[in-house]
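# Analysis of the macromolecular model
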Amino acid sequence: MKPSFFLLFFLCISAFAQAQYQTIKGVIIDKQSEYPLIGASVVVVNSDPLLGAVTDLDGIFRIEHVPIGRHTIRVEYLGYEPIVLPNILVNSAKETEVNIQMEESLIQINEVVVKATNKSKGQVTNQLATVSARSISVEEAGRFSGSYGDPARMAQNYAGVSGASDDRNDIIIRGNSPLGVLWRMEGIDIPNPSHFSALGTTGGPVSMLNINNLSNSDFFTSAWSADYGNALSGVFDIKLRNGNRDKREYLGEIGFNGFELGAEGPFKKGKKASYLANFRYSTLGVFKAIGIDFGLGDAVPEFQDLTFKINIPTNHSGVFTLWGIGGISDIHIAPKSSGDNGEIFAFDATDVTFGSNTGILGASHTYFWDKNTYTKLTIVGSGTQTIGHLDSVSLDSSRTNFFNFKHGQYKYSAHFKFNKKLSAKNTITTGAIYDLIDLDIHDSTLVAPHIFEESKGYSGFSSLIQAYANWQYRPTKRLTMNLGLHHQYYAFNQTNNLEPRLGIRYNTSAKSNLTFGAGLHSQLQPMVTYFAQDDNHVETNKNLDFSKAVHTVVGYEFQFAHNMRLKSEVYYQYLYDIPVDNYPSPYSILNGGADFVIPDATHLVNEGTGENYGIELTLEKFFSEGYYYLFTASVFDSKYTGSDKIKRNTLFNSNYVFNALAGKEFKIKQNRLSFDSKLTYSGGRRYTPIDWEASNLAQEEVLDYDHAFEKQYPPYFKLDFKVSFKQNRKRISQEWSLDLTNVTNHQNIFQKSYNVREKKENTTYQRGFFPNILYKIYF
């Protein structure tokens, strides 16, 4: 079919469209105290007749009969900085919710000049953030080509961030290991929210996070504030949205992330309590049946997940929430085919069955003691379990089970937060976090026919205690300072660390600002590392200290217009007390985390170091006038030193990453046709070459560690293109999209490995051309 036929088809569909209307609603709160603002004025700009509303006692506003399309709203409140929010998208089948934070003005009322601030979509929701931070919106996560609706993959579009491979969503920040990333949800730290994940890792092939359940979330790449701890490279602070408290709405979706059904609404019409729930079941079997290759041979990943949130506001007892996320996944991977280099995760002569289960259940209570003071208590139970079986396969296809494992980590957590706005200039935030960790690890190895011996077996409890305090000081309208302390204590081996934090933002003009951030950050080792056993079943790593990093970053941002900005950051990070071998070797835990397992190293000592430094540029036009673009450039160097005292490239030192994204939206009556594209060009991944003489002698792959990570694969290149059409009908809105990833089918190397049978080098490539078809309906 010719492209003109599709355009004619969409025009014919839209010809039946009639004028459609919907509701814009939301909550307006004070940015520092988070208390609802009563009586704030909200107006739809250029509406005729004028559409607007005033917030009620709960800070809630509701504007009905808003025409379908994109609108700008203006928010004003006496004594606060006015705000303008452009390009609010209104669809026919779902009410549009906009939650707004307003900042109290430092200028006296009789001096006020009413000039609205255009709120940038990149501004974070955490009031303590000053540098190396960005808000990730649900709309962007659904729009960007190649993201698959995955917040982690979407973060890889931003400056300083890259991925480990096309088949995993690991977040590599400024050359750091993905192990250094902290995931937080609803104010508390959570385990890896990915399907097919292993203990200690932070990424996986498919995310459990469902963007249909998320609110705007914050992403930090350096020098984060004192309320975050136990992280070295970055923080992803995920927030779940509340269900619609006024009407019931439903969702259906099918695409790469699965078949999905969702529902939300009030428990009882006219009451405040609401629910939100979404369930997904994998569709990769369908993709496989129609000939789409994942690079897994005949293997078909199976997964399903459920996310929900219940929100119960009360008149006098505060707000109660109950939320959860759970997922199960499994896969069977047959041995690598002879001469076939396209099976990314297959092994020679080994049959693998792998499964993982993750569950998180949380509850919170927020209570305002007065309009400037609130406390929040969050309690969570979480668990991750991985199960696997490995069989050897002989040339006559007979199988022998030779290894089994069952690993579980269960955590019971509590977070108490106290926030007090002393004045427009001063805000105090303090809190404490407690984690009780239960680890249960069992491996069994075949030692004789039909006889297995437990090669690894340990279980036990440990606990991590964190406390923090932050003072935010705004002496003038131009200057904001955040000064904080974070303390961590690991009771298992009685190690602790005190971490000062500093963040400064200075508005040099109405359109530009300078930022500075510095801080000490530390992180526990993966739990499996502490309990790793040597050949004598001795746990040799029990006394490992925290890994530590000093972050410093300077940034400058210039806003050409309310929807366009140029941002630059220069940074330096020094890492120390990094676990390395207790004998001269190139091993460092800084090179782990981008795979399905954590290296099972023993006899480690905190004597390694590392450093990362670089510069980042971002040129961004937020969506307006029907189009957007985002250009990011990162040039950096990432080095480490092992126990052999030789400075080397880290595994993640690709040296540069360039991204270019752009999109155009066409309005066809009340429907919308969009085109989005993304281009990524980056340095290749580092690797250690094969020691051919030793490999041929041992009949297995042996690497030449004297030249660890000296080699580098060719540059990575990928072009993605997406076309989507959104149709608005009365009470129903639909979306069709086709996301074509790696349009040019460019062969990016995944790895080079030793072929035992043929005694040659195999080159395995990452995912080639992959079409992702998605259909979504709201009603």
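Along each chain, the written sequence defines residue order, and numbers are assigned to residues from 1. pLDDT decides what is reported in this predicted model: residues at 70 or higher carry local features, side-chain atom pairs at 80 or more are listed and counted, and totals for whole chains, interfaces and linings draw on all residues regardless. To get the side-chain values, take all heavy atoms of the structure and skip hydrogens and water.

## Comments concerning the overall build of the protein chain
- Secondary structure is summarised from DSSP: a helix means a run of H or I of at least four residues, a strand means a run of E of at least two, and numbering begins at the N terminus for each. Counting secondary structure elements, the protein chain contains six helices and 45 strands.
- C-alpha atoms define the radius of gyration in this analysis, and the globule rule sets the expected value at 2.2 Å times the number of residues to the power 0.38. For the protein chain, whose C-alpha radius of gyration is 26 Å, the value lies close to the compact-globule estimate of 28 Å for 779 residues.
- Considering only C-alpha atoms, the protein chain reaches an extent of 85 × 65 × 45 Å along its principal axes.
- Relative accessibility thresholds used throughout: buried, under 20% of the residue-type maximum; exposed, over 50%; partly exposed, between the two (1.4 Å probe, protein chains only). When the 779 residues of the protein chain are sorted by exposure, 57% land in the buried category.
- Summing over all exposed atoms, the protein chain offers an accessible surface of approximately 32000 Å²; the carbon and sulfur share of this is 59%.
- The sign given to each residue is positive for Lys and Arg and negative for Asp and Glu; His and the chain ends receive no count. By convention, charge coordinates are those of NZ in Lys, CZ in Arg, CG in Asp, or CD in Glu. Here the protein chain carries 74 positive and 79 negative side-chain charges, and the mean point of each set is 11 Å from the other. Areas reported as accessible are Shrake-Rupley estimates using a 1.4 Å probe. Residue values count occlusion only from the protein chains shown.

## Some points on the nonpolar core
- By nonpolar core is meant a set of buried Ala, Val, Leu, Ile, Met, Phe, Trp, Tyr and Cys residues that side-chain atoms within 4.5 Å join together. In this structure, Leu-439, Tyr-490, Leu-524, Met-527 and Tyr-530 are the most contacted members of the largest nonpolar core, which totals 33 residues.
- Among the elements of the structure, strand E27 (426-448), strand E28 (451-473), helix H5 (527-530) and strand E33 (564-581) are those that each provide at least two residues to this core.
- Residues are treated as being in contact if the distance between any of their heavy atoms lies within 4.5 Å. Beyond its immediate sequence surroundings of up to four residues, Leu-439 is in contact with Leu-199, Gly-408, Gln-409, Tyr-458, Ser-459, Gly-460, Met-527, Val-528 and Phe-531.
- One finds Ala-152, Ile-173, Leu-214 and Ile-238 within the second-largest nonpolar core, a separate group that totals 31 residues.

## Quick word on empty space enclosed by the protein
- We place a 1 Å grid over just the protein atoms. Points where a 1.4 Å probe fits but has no way out form a cavity, open points with protein on both sides within 12 Å along at least 5 of 7 lines form a pocket, and any residue with an atom within 4 Å of a point lines it. Grid points are joined across faces, edges and corners, and a volume is the space filled by probe spheres set on the points. Within this structure, the stated rule accounts for eight cavities of 30 Å³ or more.
- One number sums up the size of the largest cavity: a volume of about 690 Å³.
- Around the largest cavity sit 36 residues that line it, and Leu-179, Gly-200, Thr-202, Asn-230 and Gln-523 are the ones nearest its centre.
- Taken together, the elements giving at least two residues each to the lining of the largest cavity come down to strand E13 (181-185), strand E25 (373-393), strand E26 (399-421) and E27.
- Taken as a whole, the second largest cavity spans an internal volume of roughly 530 Å³.

## Considering the environment of Thr-641
- You can see Thr-641 is positioned in strand E35 (residues 627-641).
- A residue is classified by how much of its surface remains accessible, and Thr-641, at 15% relative accessible area, is buried.
- When the C-alpha positions of Thr-641 and Tyr-576 are compared, they lie 9.6 Å apart, and in sequence the two are 65 residues distant.
- Apart from residues no more than four positions distant in its own chain, Thr-641 is found in contact with Val-580, Gly-608, Thr-609, Ile-646 and Lys-647.

## A look at the confidence of the model for the protein chain
- Averaged over every residue, the pLDDT of the protein chain is 90; the share at 70 or more is 92%.
- Within the model, pLDDT remains below 50 along residues 1-17, and this stretch shows twelve contacts once partners closer than five positions in the same chain are excluded.
- Confidence of the predictor at the level of single residues is given by pLDDT, which spans 0 to 100. Scored below 50 in pLDDT, residues 109-114 makes four contacts in the model with residues more than four places away or belonging to other chains.

## Some thoughts on the pattern of salt bridges
- Just to be clear on terms, a salt bridge is a Lys or Arg side-chain nitrogen sitting within 4 Å of an Asp or Glu carboxyl oxygen. The tally for this structure, following the rule as stated, stands at 43 salt bridges.
- A salt bridge links Arg-474 to Glu-103, with the shortest nitrogen-to-oxygen separation between them at 3.4 Å. Placement of Arg-474 in the loop between E28 and strand E29 (479-490) and of Glu-103 in the loop between strand E8 (100-102) and strand E9 (117-118) is noted, with a sequence separation of 371 residues between them.
- With a relative accessible area of 25%, Glu-103 lands in the partly exposed category.
- The partner of Arg-767 in a salt bridge is Asp-167, and the shortest N-O contact between them spans 3.1 Å. One end of the pair, Arg-767, is in the loop between strand E44 (760-765) and strand E45 (770-778); the other, Asp-167, is in the loop between strand E11 (161-162) and strand E12 (172-173), and 600 residues separate them in sequence. In terms of burial, Arg-767 and Asp-167 fall into one category: buried.

## A short note on the pairing of strand E5 (residues 69-76)
- Two strands are counted as paired when DSSP detects at least two bridges linking them. Relative to E5, strand E2 (residues 41-44) runs antiparallel, the two being bridged by four bridges. If you follow Val-44 over to E5, its bridge partner there is Ile-73.
- In terms of strand pairing, E5 meets strand E6 (residues 83-90) through six bridges, oriented antiparallel. Within the sheet, the bridge partner assigned to Ile-73 lies in E6 and is Leu-85.
- Hairpin connection from E5 to E6: six residues lie between these consecutive antiparallel strands, with Gly-79 at a positive phi of about 90 degrees.

## Let's talk about the packing of aromatic side chains
- Between 30 and 60 degrees the pair is tilted, below 30 it is stacked and above 60 it is edge-to-face, where a pair is any two Phe, Tyr or Trp rings, Trp via its six-membered ring, whose centres lie within 6.5 Å. For the structure on display, the rule yields 33 aromatic pairs.
- The interplanar angle of 10 degrees and the centroid separation of 5.0 Å between the aromatic rings of Trp-183 and Phe-236 together place this pair among those described as stacked. Remark: Phe-236 occurs in strand E18 (residues 234-238) and Trp-183 occurs in strand E13; sequence separation between them is 53 residues.
- For Phe-236, a relative accessible area of 1% puts it in the buried group.
- Consider the rings of Tyr-687 and Tyr-713, whose centres lie 4.2 Å apart with planes at 10 degrees: the pair is stacked. One end of the pair, Tyr-687, is in strand E39 (residues 686-687); the other, Tyr-713, is in the loop between strand E40 (711-712) and strand E41 (716-729), with 26 residues separating them in the sequence.
- Taking relative accessible area as the criterion, Tyr-687 reaches 17% and is therefore assigned buried.
- A network of ring pairs unites the aromatic residues Tyr-458, Tyr-490, Phe-492, Tyr-530 and Phe-531 as a single cluster.
- Whether a charge sits over a ring depends on NZ of Lys or CZ of Arg being within 6 Å of the ring centre and within 35 degrees of the ring normal. One residue, Arg-143, lies across the ring of Tyr-628, its end atom 5.1 Å from the ring centre.

## A word on the environment of Val-84
- Within the element layout of this structure, Val-84 appears in strand E6.
- Among the residues examined, Val-84 registers a relative accessible area of 13% and is labelled buried.
- As for Val-84 and Lys-417, which are separated by 333 residues in sequence, their C-alpha atoms are 31 Å apart.

## Notes on the side chain of Asn-612
- Structurally, the position occupied by Asn-612 is in strand E34 (residues 604-624).
- A distance of 3.0 Å separates polar atoms of two side chains, one belonging to Asn-612 and the other to Asn-176.
- The residues touching Asn-612, leaving out its near neighbours within four places in the chain, are Arg-174, Gly-175, Asn-176, Tyr-571, Tyr-572, Gln-573, Leu-575, Asp-637, Ser-638 and Lys-639. Under the rule applied, a polar contact is a pair of N or O atoms within 3.5 Å (in protein, one hydrogen donor and one hydrogen acceptor; residues adjacent in sequence only if both atoms are side-chain atoms).

## Some words on the sheet that holds E18
- Taken in spatial order, the five strands of this open sheet run E10-E17-E18-E13-E14, and their pairing is mixed. At either end of the open sheet lies a strand with only one pairing partner, and these are strand E10 (133-136) and strand E14 (188-189).
- When E13 meets E18, the two strands line up parallel, connected through five bridges. Note that in E18 the partner of Trp-183 across the bridge is Phe-236.

## Quick look at unusual backbone geometry
- The peptide bond linking Asp-48 to Pro-49 adopts the cis configuration, its omega dihedral lying at 5 degrees.
- Assignment of secondary structure puts Pro-49 in the loop between E2 and strand E3 (51-54).
- Even without being a glycine, Asn-46 presents a positive backbone phi close to 65 degrees.
- Structurally, the position occupied by Asn-46 is in the loop between E2 and E3.
- Asn-46 sits in the exposed class, given a relative accessible area of 78%.

## Section: the side chain of Thr-680
- Here Thr-680 shows up in strand E38 (residues 671-682).
- Given a relative accessible area of 9%, Thr-680 falls into the buried group.
- A polar contact of 2.8 Å, which involves the side chain of Thr-680, links it to the side chain of Asn-659.

## Considering the environment of Asn-315
- With respect to the element layout, Asn-315 can be found in the loop between strand E22 (302-313) and strand E23 (319-333).
- Residue Asn-315 is classed as exposed on the basis of its relative accessible area, which comes to 62%.
- In this structure the side chain of Asn-315 is engaged in a polar contact, spanning 2.9 Å, whose partner is the side chain of Lys-272.

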